[in-house]
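# Observations on chain architecture
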Amino acid sequence: MSKKTRKKSSNTVVSDPARPTAASRTRAARKDASSSLPATGEKPKSRSAAPPPMSRTPSLVEGSRAPSFTLPRDGGGRVSLADFAGKKLVIFFYPRANTPGCTREAMDFTRLAKEFAACGTTVLGVSADPVKTQESFRTKHKLTIPLISDETHEMLEAYGAWGEKSMYGKVFLGIIRTTVLVAADGRIARIWRRVKVDGHAEQVLATARGL
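Before going into details, it helps to say that this report is about the structure given with it. (Residues numbered from 1 in each chain as written. Predicted model: local features only at pLDDT ≥ 70, side-chain atom pairs only at ≥ 80, totals over all residues. Heavy atoms only, no water.)

## Concerning the overall build of the protein chain
Along its length, the protein chain carries seven helices and nine strands. A burial count over the protein chain gives 36% of its 211 residues as buried. Taking the contacts inside the protein chain whose residues are at least 6 apart along the sequence as the reference set, 64% of them involve residues at least 24 apart. Summed over its atoms, the accessible surface of the protein chain is roughly 13700 Å², and 55% of this surface lies on carbon and sulfur atoms. (Helix = DSSP H or I, 4+ residues; strand = E, 2+ residues; numbered from the N terminus. Buried < 20%, exposed > 50% of the residue type's maximum accessible area, 1.4 Å probe, protein only. Contact = heavy atoms within 4.5 Å. Areas by Shrake-Rupley, 256 points an atom, 1.4 Å probe, with all protein chains shown as cover.)

Laid out in structure tokens, this is it:
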């Protein structure tokens, strides 16, 4: 072999069949990208599922029969709806014992307890506080109204007093200040939702007198 021939052959680049070329790499990348797309008519899946909406308690309807309950009360013993058969009953649901608004509301109903009794109406207070907390609440503020403890929220939910609340831009589940007036026939006569404390007890008394 001549020197010229040897020099030319040494500069020749031989392709390795096992090594992908630039063109083949481009085609492979396009194929991978197309395979990751959803099929025709299929909606692309979102990367993170949106959180489920918070549950909303169905509202109690005026005229419907009052939901039954049996729960512990301050001072021991249990209270049931059946205990007030044939009588008018006011049930006020408050968020938390010993907080300013709840304290004023409970004291207002205590102040008017004799007037409620004079028109054949009993008043009960209900929250999710433990019995011991209810007893401390009663003793501290000299409350005379029975205070019921519903730690499981069953009664609160049945009476529409448990649901979504918001504070400082955050939404959460909790007790919604609610008052329910049950007529002597056991049906719901009136419901006050998201109660404003000032003057509320007087308003409930006036409604109870009118039944």
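After that view of the structure, there is still more to cover.
## So, the environment of Arg 111
As for its placement among the helices and strands, Arg 111 is situated in helix α3 (residues 100-111). Residues Arg 111 and Ala 201, spaced 90 residues apart in sequence, show a C-alpha to C-alpha distance of 9.2 Å. Of the polar contacts made by the side chain of Arg 111, one reaches the side chain of Glu 202; its length is 2.8 Å. (Polar contact = N/O pair within 3.5 Å; in protein donor to acceptor, adjacent residues only side chain to side chain.)

## Notes on the packing of α3 against helix α7 (residues 200-209)
Where α3 contacts α7, the axes come no closer than 9 Å and their chain directions differ by 40 degrees. Relative to α7, the element α3 is oriented oblique. Every pair of crossing elements has a handedness; the one defined by α3 and α7 is right-handed. Residues Glu 105, Asp 108, Phe 109 and Arg 111 of α3 lie in contact with α7, whose contacting residues are His 200, Ala 201, Glu 202 and Val 204. (Axes fitted to C-alpha atoms, helices over the stretch in contact; angles between N-to-C directions. Parallel < 35°, antiparallel > 145°, perpendicular 65-115°, else oblique. Left-handed = near helix turned anticlockwise from the far one by under 90°.)

## A few points about the pattern of salt bridges
A complete count under the given rule lists six salt bridges for this structure. Between Asp 74 and Arg 138 there is a salt bridge whose closest N-O contact spans 3.1 Å. Residue Asp 74 is located in the loop between β1 (70-72) and β2 (78-80), and its partner Arg 138 is located in helix α5 (residues 131-141); the two are separated by 64 residues in the primary sequence. Classification of Arg 138 by relative accessible area gives partly exposed; the value is 25%. In this structure, Arg 177 engages Glu 105 in a salt bridge whose closest nitrogen and oxygen atoms are separated by 2.8 Å. Placement of Arg 177 in the loop between β7 (170-175) and β8 (178-182) and of Glu 105 in helix α3 is noted, with a sequence separation of 72 residues between them. The exposure class assigned to Arg 177 is buried, which follows from its relative accessible area of 15%. Connected via shared salt-bridge partners are Arg 73, Asp 74 and Arg 138. (Salt bridge = Lys/Arg side-chain N within 4 Å of Asp/Glu carboxyl O.)

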